[in-house]
Amino acid sequence: MDLPTLFGEVVNKKVIGKAAEVQMFSALSNLSSSRFKESFGECKIMLDFIWEQLNQGHWKDVDISWRYAYTIVSVVKALSEYALLRRGDNSFTFDQIMKSCDMGLLMGAPVKDNILARLCSNLREDYQKITKSNFDENQQHGNSTIKESKPTPDSKIDIDVAVKRPKLMQEELVESITAETSINKISCPSIETFRRLYYAAETPVIITDAMEGWPALGNRKWTLDYIKQMAGYRTVPIELGSKYTDESWSQKLMTVREFIDTYIERKTGETDTGYLAQHQLFNQIPELQDDILIPDYCYLGDSEDVDINAWFGPKGTVSPVHYDPKQNFLAQVIGEKYIRIYPYSETDKLYPHDTTLLKNTSQVDIEHPDLERFPRFKDANYVECVLKSGQMLYIPPKFWHFVKSLSVSFSVSFWWE
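Just so you know, the residues in each chain are numbered from 1, in the order the chain's sequence is written. For a predicted model such as this one, the threshold for reporting local features is a pLDDT of at least 70, and the threshold for listing and counting side-chain atom pairs is 80 or more; totals across whole chains, interfaces and linings nevertheless cover every residue. Computation of side-chain values: all heavy atoms of the structure, hydrogens and water removed.

**Topic: the packing of aromatic side chains**
Counted only if it meets this: When the centres of two rings from Phe, Tyr and Trp lie within 6.5 Å, Trp using its six-membered ring, the rings pair. Their planes under 30 degrees apart give stacked, over 60 give edge-to-face, and anything left gives tilted. Secondary structure elements are taken from DSSP: a helix is a run of H or I of four residues or more, a strand is a run of E of two residues or more, and numbering for both begins at the N terminus. Type-normalised accessible area, obtained with a 1.4 Å probe on protein chains alone, sets the label of each residue: buried when under 20%, exposed when over 50%, and partly exposed for intermediate values.
Tallied over the full model, the rule gives 28 aromatic pairs. Taking 5.3 Å as the distance between ring centres and 75° as the angle between the ring planes, the aromatic pair formed by Phe 94 and Tyr 233 counts as edge-to-face. Here the residue Phe 94 occupies a position in helix H6 (residues 94–107), and Tyr 233 occupies one in the loop between helix H11 (224–231) and strand S3 (235–240), the gap between them amounting to 139 residues. The buried category is assigned to Phe 94, whose relative accessible area is 5%.

**With respect to helix H3 (residues 18–32)**
We apply this condition: In this analysis, the expected span of each helix is defined as 1.5 Å times one less than the number of residues it contains. Between two residues, a contact is recorded if the distance between any of their heavy atoms is within 4.5 Å.
Spanning 15 residues, H3 covers 21 Å between terminal C-alpha atoms, matching the ideal 21 Å at 1.5 Å per step. Residues of H3 that are buried: Ala 20, Glu 21, Met 24, Ala 27, Leu 28, Asn 30 and Leu 31. On its buried face, H3 is in contact with helix H1 (3–10), helix H2 (13–16), helix H4 (36–54) and helix H5 (64–86). Ser 34 sits one or two residues past H3 and shows a positive phi near 65°.

**So, the packing of H4 against H5**
Cut-off, in case you're wondering: Here, axes are lines fitted to C-alpha atoms. For helices the fit covers the stretch in contact, and angles between N-to-C directions go from 0 to 180 degrees. Roughly parallel here means an angle under 35 degrees, roughly antiparallel means over 145, roughly perpendicular means 65 to 115, and every remaining angle is called oblique. For any helix crossing, the convention is left-handed if the near helix is rotated counterclockwise from the far helix by under a right angle, and right-handed if that rotation is clockwise. Under the convention adopted here, Pro, Cys and the residues Ala, Val, Leu, Ile, Met, Phe, Trp and Tyr are nonpolar, Asp, Glu, Lys and Arg are charged, and Gly plus all remaining residues are polar.
Interhelical geometry of H4 versus H5 gives an angle of 155° and a closest axis separation of 9 Å. Relative to H5, the element H4 is oriented roughly antiparallel. In this structure, H4 crosses over H5, and the sense of that crossing is left-handed. Grouping the constituent residues of the contact of H4 with H5 by class yields 16 nonpolar, four polar and five charged.

**Re the pairing of strand S10 (residues 383–387)**
Under the convention used in this document: Paired strands, as defined in this entry, are two strands with at least two bridges between them according to DSSP.
Among the five residues in S10, four count as buried, and that is most of the element. Inspection of the sheet shows strand S9 (residues 337–342) paired to S10 by five bridges, in the antiparallel sense. Along S10, the bridge assignment pairs Ile 339 with Cys 385.

**Structural notes on unusual backbone geometry**
For Arg 266, which is not glycine, the phi dihedral falls at a positive 55°. Counting through the fold element by element, Arg 266 comes out in the loop between helix H12 (256–264) and strand S5 (274–279). Of note in the backbone geometry, Gln 278 takes a positive phi value of approximately 50° without being a glycine. Mapping Gln 278 onto the fold places it in strand S5. The partly exposed category is assigned to Gln 278, whose relative accessible area is 46%.

**Notes on the side chain of Ser 121**
The residue Ser 121 is located in helix H7 (residues 115–140) in this model. Owing to a relative accessible area of 17%, Ser 121 belongs among the buried residues under this scheme. Not counting chain neighbours up to four residues away, the residues in contact with Ser 121 comprise Pro 286 and Glu 287.

**A word on the sheet that holds strand S12 (residues 400–405)**
The strand order across the open sheet formed by four strands is S7-S12-S9-S10, and the pairing between neighbours is antiparallel. Of all strands in the sheet, those bounded by a partner on one side alone are strand S7 (318–322) and S10. Ignoring strand direction, the axes of neighbouring strands in this sheet form an average angle of 15°.

**Considerations on a negative patch on the surface**
Rules: Patches were defined on residues exceeding 30% relative accessible area and lacking a salt bridge, with like-charge contacts within 9 Å and nonpolar side-chain contacts (Val, Leu, Ile, Met, Phe, Trp, Tyr) within 5 Å. Each accessible area is a Shrake-Rupley estimate made with a 1.4 Å probe; only the visible protein chains count as cover when residues are assessed. A pairing counts as a salt bridge when a side-chain nitrogen of Lys or Arg comes within 4 Å of a carboxyl oxygen of Asp or Glu. For the purpose of counting charges, residues Lys and Arg are taken to be positive, whereas Asp and Glu are taken to be negative. His and the chain ends are not included. Every charge is mapped onto a representative atom, which is NZ of Lys, CZ of Arg, CG of Asp or CD of Glu.
On the surface, a cluster of negative charge is contributed by Asp 302, Glu 304, Asp 305 and Glu 417. Here Glu 304 shows up in the loop between helix H14 (286–289) and strand S6 (307–313). Exposure remark for Glu 304: the relative accessible area of 69% places this residue in the exposed category.

**A short note on the side chain of Asp 261**
As a reminder, the rule being used: Think of a polar contact as two N or O atoms within 3.5 Å of one another; within protein, one of them needs to be a possible hydrogen donor and the other a possible acceptor, and neighboring residues in sequence only count if both atoms come from side chains.
Mapped onto the elements of the fold, Asp 261 is located in helix H12. The class for Asp 261 is buried, based on a relative accessible area of 18%. At 3.1 Å, the side chain of Asp 261 forms a polar contact with the side chain of Lys 228.

**Looking at the sheet that holds strand S8 (residues 327–334)**
Strand order in this open sheet of nine strands is S1-S2-S11-S8-S13-S6-S5-S3-S4, and the pairing throughout is mixed. The sheet is open, and its two borders are formed by strand S1 (185–187) and strand S4 (250–255), each paired with just one other strand. Put simply, the sheet's adjacent strands are angled 30° from each other on average, direction ignored. Looking at chain direction, S6 and strand S13 (residues 409–416) are connected through seven bridges and run antiparallel. For Asp 307, the partnering residue across the bridge sits in S13 and is Trp 415.

**A word on the environment of Met 211**
Within the element layout of this structure, Met 211 appears in the loop between strand S2 (205–208) and H11. The class for Met 211 is buried, based on a relative accessible area of 1%. The sequence separation of Met 211 and Tyr 198 amounts to 13 residues, and the corresponding C-alpha distance is 18 Å. Beyond its immediate chain neighbours, meaning those up to four positions away, Met 211 contacts Leu 217, Ala 331, Gln 332, Val 333, Gly 390, Gln 391 and Met 392.

**Here we look at the nonpolar core**
Rule in force here: In these notes, a set of buried Ala, Val, Leu, Ile, Met, Phe, Trp, Tyr and Cys residues joined through side-chain atoms within 4.5 Å is what counts as a nonpolar core.
Trp 222, Phe 329, Phe 410 and Phe 414 are the most contacted members of the largest nonpolar core, which has 46 residues in total. For Trp 222, the residues in contact, after removing those within four places along its chain, are Ala 216, Phe 282, Leu 288, Asp 291, Ile 292, Val 333, Ile 334, Phe 410 and Val 412.

**Focus on the pattern of salt bridges**
Counted by the stated rule, this structure contains 15 salt bridges. Between Lys 326 and Asp 307 there is a salt bridge, with the nearest N and O atoms lying 2.6 Å from each other. A residue pair is termed long-range when its members are at least 10 positions apart, and Lys 326 in the loop between S7 and S8 and Asp 307 in strand S6 qualify at 19 residues. When its relative accessible area of 25% is taken as the criterion, Asp 307 is described as partly exposed. What emerges from the salt-bridge pattern is a single network uniting Lys 228, Asp 261, Glu 265 and Lys 267.

None of this, on its own, says anything about what the molecule does.
Following this line, the structure appears as structure tokens:
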């Protein structure tokens, strides 16, 4: 990995300035000379400086060179930290190193086939070998100082009980589903059948039996413990609040393990809602992407690019009525969700927000509609369903939809054109 050459290829030196360039190459020089402490210190200074540039004005107006620079400095910082950890420096932990990588993935821009994501995978693999070797050695000497990660009873009970939902049928949304409003189901149709009956006709449908080959539902079945094992130390953005239209809504960076402990297993007594929503988790953690498969139906579009997002949270998370501009498959891996869909022709009855930022979001709270303010809403036509694990829901572009998790839930969306 020739980092100096890579830096010169992707970063516009006129944009970042001479001083930043000099410090960058000093950090690279220290890294190559095994002066890891010095390299780490210079990277921290550089990242603070670049952070300031990234947060001046609108994100879209920031020169891409700053994001490339953030990525490359994050690579150098993570390598320096890992080298110091390997030397026995107790001031560094593997979680901190992964956070350095994740901040680069979140704030930077992909370079060299996403060098940071590949670095994370390589470091994780190497670290697992080291910890296993240390564990085996300690076991031989009768000193088990490194504990194996074992499933906790709480996480298994949480999913098993939540998915069964003994009180679900008492919930008004689910009780409201009738034969007239229920979304049709079809078992793994051929691409031509799907194209003719649903894609061309812009008709929502639940597809069953099309996820049977997913490792996430088979030999690498997703559970809370599995997700902790694969991604627990990775830093992700978590939405805080019942829904993104609330004034109290905010975001916070935390590790996946902290998120599960706090907002799903509720180990800390937290009562607020936390949601890992619309996050490109699989770009960040390729090991998880190996557990899912892009539906073949997505390739009916004009582009081979498919945007894949993760939606992971406790029972009760809500996505208010909104539409997305692209074709959408929502695949349910863990748990169940209630979903209501309105065709775009019903837009005038859904009262979209006037602001540009929320023009694709309805002002109506469908669980507690204010019919005095929004009288036409009562006449809006819709279809609805409970999407269960192993099922995929097709949502045509610009079809309004409301989503509420009925249990601990992990969904994967595939957006395509």
